[in-house]
Amino acid sequence: MLNLKIVTPEKLILEESVDSVTLPTSEGEITILPNHIPLISSLSSGDIVARKDNEEIPIAVVGGFIETKKNENEKTEVVILADFAEHVSEIDEESIEKARAQAKELHQKALNKEIVDFEHFEAELERALTRVKIAEKWKTKKYRR
């Protein structure tokens with residue numbers, strides 16, 4: 001088992017002992033198992049999938065960092081500091097439609113050159129598109145809420 005903690009600037013998303021965790025890094029997707037070597041990496045947008053007792057716990061994520069280390073008990077600890085993260089079960093059809101509409105609106109503003117703060121625009125667009133993509137990916141799969 002490894003200790004997994006996922007935190008955003010707003011709240012603690014998940015803190016649990018899990019068997020493994022698969023996540024998108026800037027270098028590609030990786031899976032962390034117990035006794036993993038120490039690691040620090042940046043996160044890409046996508047889904048974090050924690051596995052516990054043959055069940056999957058999917059989390060949509062946009063940006064941030066991951067650190068893997070051994071704690072004082074020699075247990076592997078994975079800490080994810082995400083810019084944005086949300087459990088897939090919290091993304092309902094209404095929020096998917098809102099995210100789609102927001103993505104279209106932001107795209108239209110960009111085409112009309114109404115965007116002043118491009119970094120903020122890009123972050124909001126990426127967040128909206130990731131929520132839609134991950135929600136659609138997981139809507140027909142079984143997972144633990």
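Higher on the page you've got the structure.
Residues numbered from 1 in each chain as written. Predicted model: local features only at pLDDT ≥ 70, side-chain atom pairs only at ≥ 80, totals over all residues. Heavy atoms only, no water.

Even after reading the chapter, I still don't get the overall build of the chain, so can you show me in this structure?
Along the chain, the regular secondary structure elements total two helices and eight strands. Each helix (α) and strand (β) of the chain, taken in turn from the N terminus, gives the series β-β-β-β-β-β-β-β-α-α. Sequence separation of at least 24 residues holds for 57% of the intrachain contacts in the chain that already meet a minimum separation of 6. Counting only carbon and sulfur atoms, one obtains 49% of the accessible surface of the chain, whose full area is about 8,600 Å². (Helix = DSSP H or I, 4+ residues; strand = E, 2+ residues; numbered from the N terminus. Contact = heavy atoms within 4.5 Å. Areas by Shrake-Rupley, 256 points an atom, 1.4 Å probe, with all protein chains shown as cover.)

Can you walk me through the side chain of Thr68 in this structure?
Tracing the sequence through the fold places Thr68 in strand S7 (residues 55-70). Assessed through its relative accessible area of 1%, Thr68 is described here as buried. In contact with Thr68, not counting residues within four places along its chain, are Ile32, His36, Ile37, Pro38, Leu39, Thr76, Glu77 and Val78. (Buried < 20%, exposed > 50% of the residue type's maximum accessible area, 1.4 Å probe, protein only.)

What's the story with the pattern of salt bridges in this structure? I'm lost.
In a structure, side chains of opposite charge can pair up when their charged atoms sit close to one another. Overall, the coordinates contain three salt bridges when judged by the stated rule. Between Arg51 and Glu56 there is a salt bridge, with its nearest N and O atoms 3.3 Å apart. Taking relative accessible area as the criterion, Arg51 reaches 29% and is therefore assigned partly exposed. (Salt bridge = Lys/Arg side-chain N within 4 Å of Asp/Glu carboxyl O.)

So what exactly am I meant to see when it comes to the pairing of strand S3 (residues 20-25) here?
In summary, the side chains of a regular strand alternate between the two faces of the sheet. Along S3, six of the six residues are buried, which leaves the element largely enclosed by surrounding structure. Judged by which residues are buried, S3 turns out to be covered on both faces: Ser20, Thr22 and Pro24 on one side and Val21, Leu23 and Thr25 on the other are all buried. As paired elements, S3 and strand S6 (residues 46-52) share three bridges and run antiparallel to each other. Within the sheet, the bridge partner assigned to Ser20 lies in S6 and is Arg51. If you look at the hairpin formed by S3 and strand S4 (residues 28-32), you'll find two residues sitting between the two strands. (Pairing = 2+ DSSP bridges.)

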